[in-house]
Structures are given as structure tokens and as C-alpha cells.
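Residue strings, one per chain:
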Amino acid sequence: MTRYHTPVMLDPCVEALQPAPGRIFLDGTIGGGGHAEALLERTGPDGKLIGLDVDDEALAAAAERLARFGERVRLVQANFSEMRTVCENLSGVDGVLLDLGVSSRQFDAAERGFSFQQDGPLDMRMDRRLERTAADILREASYEELMRIFRVYGEEPASKRLAAAIVQSREKQPITRTRQLAELIERVKGRGRRNLHPATLVFQALRIVVNDELAQLNCGLEAALDVCKPGGRVAVIAFHSLEDRIVKDFMRRKSAECVCPPGLPVCRCGQRRQLRLVSRKPIWPAADEVARNPRARSARLRVAEKL
Ligand SMILES: C[S@@+](CC[C@H](N)C(=O)[O-])C[C@H]1O[C@@H](n2cnc3c(N)ncnc32)[C@H](O)[C@@H]1O
């Protein structure tokens, strides 16, 4: 059987989160449970792990992988933005991990619609309880909305041309399949650079909108800070610059004493420092990991500690 997902930057994550016997961790993106397993192995005999995922299939895979840890694991189908509610009865956790984006399993399953490499329905919902799929967006959004989605969430230079082509094409036939959209993009943009498929940025943009990823990340980071005990750590792996910018800005802001514009004679923001940056720069995967697992190539890890 092929592996559900190979955990990315496993050793740096474990090192950053400092697991030790009795500690409690929250994995907000449990996926196939690879990071969670490493944390549970190092927190025995009585440490605990709460694992969240919006995807029922991921939770089933994680439950199977982590079954040997018994009562030490609690899995909940929830968005990580809801972690305060999940942790309501706890006095806090020793660390939170967010390994953003989709798992290899989700990406490789044609019927989930995340990949332009294989044909499938344009779905892209990580949480299949959500109502709106990528096909719905392509059917309903106006030219202006499509252009904005591609520009803001894909940083796609050909946003205008692509939005116009989609509006024109859907008048003749609805756009419902991944290959159909990828071929339309190829016709508009040409075959593109060797290492970046012309459809990459549009697929990224649609996925972000379908799953409301950036808003959930903003809420999830605030919630992670709340549920951590003092001394607890927040570790986040991001896979593209839009996500990473949110993580970087959040950690910078919360680790600053005052965020007033420079030049004010007295502080008006009243902000107190809540985080300490464990490393100023992001941590990148080692070359041998990227050689073994090419999906790790765009990963970057940021870690901060609650004061
Ligand atoms: C990259 S995978 C995590 C892989 C995991 N660390 C492992 O070792 O197998 C990301 C997972 O997070 C889930 N996910 C993404 N955004 C989420 C969110 N806002 N709340 C909860 N789960 C989310 C996805 O469904 C996916 O299963």
C-alpha cells in the first residue's frame, strides 16, 4: 500500500516542539498522523495528543496509525480555527503544530480534485461538509471576482486573460473537471516554465478560496497562542509565500513590545510581548529530505514560544 503522507521536516518539528514524558500537544492538521506519532513516541507513558483535521478520511487514517497509543490520543473533526473549543476542559497544551495545506493522499486522489495532473471533478474541499466546490466558484463568480481570486490568492500574472477565457468558455460548457481547466489555462498561457506548470497558481488560488485557508490560518494562529501554556511552542510549516507571510507577520507582531507607528511620543497600542521567536529566519528542509521527498521543497518552518 502506498504511504498516506510522508511527514515533512519531521526532525526539525520534533526538536522545535520539545516533546518529553507527560507533555500534551495539539496537532491541528493531523493528516496521516506522521508528526503526531513521533510526538506520542516521545511523550510516553502518559503524554497526550489532540489531533484535529477537517477531513474525515484523514482522521480515519490517523486513528489507524495511532491506535497503539490508546487513550493518549483524542481525534476530533474540526477546523484548527476552532481549537479553543476543543481544548476547553484543559489547562493548556505544551505545543501546537500546524502543517498547512493538503496531504499527499488528498493531492493524489483524483476524485478530490486538487491536482491538474490527473482528471477528476473540480472539488478541492478538504472538508467535505463544505457546500461550495471549485466548480461552483468557476460557475458562479463574475469576471471581476475570478480575476481578483487569481491575482490575490494565486499571484497569477495572467489573471485578466484567464478570467476572461473562463467566462467565455463556461457560456458554451460548464467547467467541472481538473484536466478541462488545466487545458484551458495551457491554451491561454502556453506551456510555461519547466518547473512551474501553467495551472499551478490558479489551482492554488481556487483551493485557498474553497477552504477559506488564509482566514482560517489567521484565526488558528490566535487560537494556538491562547491554548498554549507559558513556555509552550507554536510550530507552523507553510508551503507558499501567502501562508508564510501570515505566519511571519503574526509571530513578529506578537513578539514585539509595541506596534505603534514609529515616531509616536508615547505608546498607544498597549501591546505586550506574548511570544519569543525561537529562530528569526524560517527553517528550510535539508537537501537530502528534498531529494527523498520533492514535496518538501517549498516547506518552511517557523517556531515561537509563548511567554
Ligand atoms: C500536510 S497535511 C498534514 C500531514 C501530517 N502532519 C502528517 O504527518 O501526516 C495537512 C492536513 O491538514 C488538514 N487541514 C488543512 N487545513 C486545515 C484546517 N484549517 N483545520 C483542520 N485541518 C486542516 C488537511 O485536511 C490535511 O489532512
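Note that the structure is a prediction, hence the values are computed from the model and not measured. (Residues numbered from 1 in each chain as written. Predicted model: local features only at pLDDT ≥ 70, side-chain atom pairs only at ≥ 80, totals over all residues.)

K.L.:
Give me the lowdown on the overall build of the protein chain, citing residues and values where you can.
P.N.:
Looking only at helices and strands, the protein chain features 13 helices and 7 strands. Computed over its C-alpha atoms, the radius of gyration of the protein chain comes to 20 Å, within 12% of the 19 Å expected for a compact globule of 307 residues. The principal-axis extent of the C-alpha atoms belonging to the protein chain is close to 60 × 60 × 40 Å. Among the 307 residues that make up the protein chain, the fraction classed as buried is 44%. In the protein chain, of all internal contacts separated by at least 6 residues, the share reaching a separation of at least 24 is 68%. (Helix = DSSP H or I, 4+ residues; strand = E, 2+ residues; numbered from the N terminus. Rg over C-alpha atoms; globule rule 2.2 N^0.38 Å. Buried ≥ 20, exposed ≤ 12 C-beta atoms within 10 Å, placed from the backbone. Contact = placed C-beta atoms within 7 Å.)

K.L.:
Before we move on, could you go through helix α2 (residues 34–43) and cite the residues and values that matter?
P.N.:
Because each turn of an α-helix spans 3.6 residues, side chains separated by three or four positions in sequence point in the same direction. Among the 10 residues of α2, 7 are classified as buried, and the element is accordingly described as predominantly covered. Within the span of α2, buried status applies to G34, H35, A36, E37, L39, L40 and T43. The elements touched by buried residues of α2 are α1 (10–17), β1 (24–27), β2 (48–53), α3 (56–65), β3 (73–77) and β4 (93–99).

K.L.:
I'd like to hear about the sheet that holds β3, residue by residue, with values.
P.N.:
In space, the 7 strands of this open sheet follow the order β3-β2-β1-β4-β5-β7-β6, with mixed pairing throughout. Looking at which strands have only one partner, the edges of the open sheet turn out to be β3 and β6 (275–277). In this sheet, adjacent strand axes meet at a mean angle of 20° when their direction is disregarded. Note that strand β5 (residues 228–238) and strand β7 (residues 300–306) share 6 bridges and pair antiparallel. If you follow I237 over to β7, its bridge partner there is L301. The strands touched by α3 within the sheet are β2 and β3, with β3 carrying the most contacts at an inclination of about 170°. Together, β5, β6 and β7 form the strand contacts of helix α12 (residues 241–254), whose direction differs from that of β7 by roughly 25°. (Pairing = 2+ DSSP bridges. Axes fitted to C-alpha atoms, helices over the stretch in contact; angles between N-to-C directions.)

K.L.:
Outline the site of the ligand, listing residues and values.
P.N.:
Around the ligand sit 22 residues, and of these P7, T29, G31, G32 and G34 come closest. Taken together, the residues of the shell around the ligand break down into 7 nonpolar, 12 polar and 3 charged. (Near = placed C-beta within 6 Å. Nonpolar A, V, L, I, M, F, W, Y, C, P; charged D, E, K, R; others polar.)

K.L.:
Describe the packing of helix α8 (residues 159–172) against helix α9 (residues 178–189), naming the residues involved and giving the relevant values.
P.N.:
Where α8 meets α9, the closest approach of the two axes is 10 Å, and the angle between their N-to-C directions is 130°. Overall, the two elements α8 and α9 adopt an arrangement that is oblique. The chirality of how α8 crosses α9 is right-handed. For the pair α8 and α9, the contacting residues are R161, L162, A165, I166 and S169 in the first and L184, I185 and V188 in the second. (Parallel < 35°, antiparallel > 145°, perpendicular 65-115°, else oblique. Left-handed = near helix turned anticlockwise from the far one by under 90°.)

K.L.:
Describe the pairing of β2, naming the residues involved and giving the relevant values.
P.N.:
With 6 of its 6 residues buried, β2 lies for the most part within the structure. Judged by which residues are buried, β2 turns out to be covered on both faces: K48, I50 and L52 on one side and L49, G51 and D53 on the other are all buried. Assessed by its sense of winding, the connection that carries the chain from β1 through α2 to β2 is right-handed. Pairing analysis gives 5 bridges linking β2 to β3, with the strands arranged parallel. Opposite G51, over in β3, you have L75 as the bridge partner. Once the chain exits β2 it traverses α3 before rejoining the sheet at β3, and the crossover so formed is right-handed. (Right-handed = clockwise from strand over helix to strand, strands pointing away.)

K.L.:
A description of the environment of V210 should follow, citing residues and the corresponding values.
P.N.:
Here V210 shows up in helix α10 (residues 200–210). On the basis of neighbour count, V210 is assigned to the buried category, with 23 C-beta atoms found within 10 Å. Residues V210 and L130 lie 80 residues apart in sequence; the distance between their C-alpha atoms is 8.5 Å. Beyond its immediate sequence surroundings of up to four residues, V210 is in contact with M124, R125, R132, T133, A134 and I137.

K.L.:
Before we move on, could you go through unusual backbone geometry and cite the residues and values that matter?
P.N.:
Across the junction of G44 and P45, the peptide omega takes the value 5°, indicating a cis bond. Phi is positive for Q18, close to 50°, though the residue is something other than glycine. With respect to the helices and strands, the residue Q18 is situated in the loop between α1 and β1. A tally of 17 C-beta atoms within 10 Å means that Q18 is categorised as partly exposed. Positive phi, normally seen in glycine, also occurs at E155, with a value near 50°. Here E155 is to be found in the loop between α7 (143–154) and α8.

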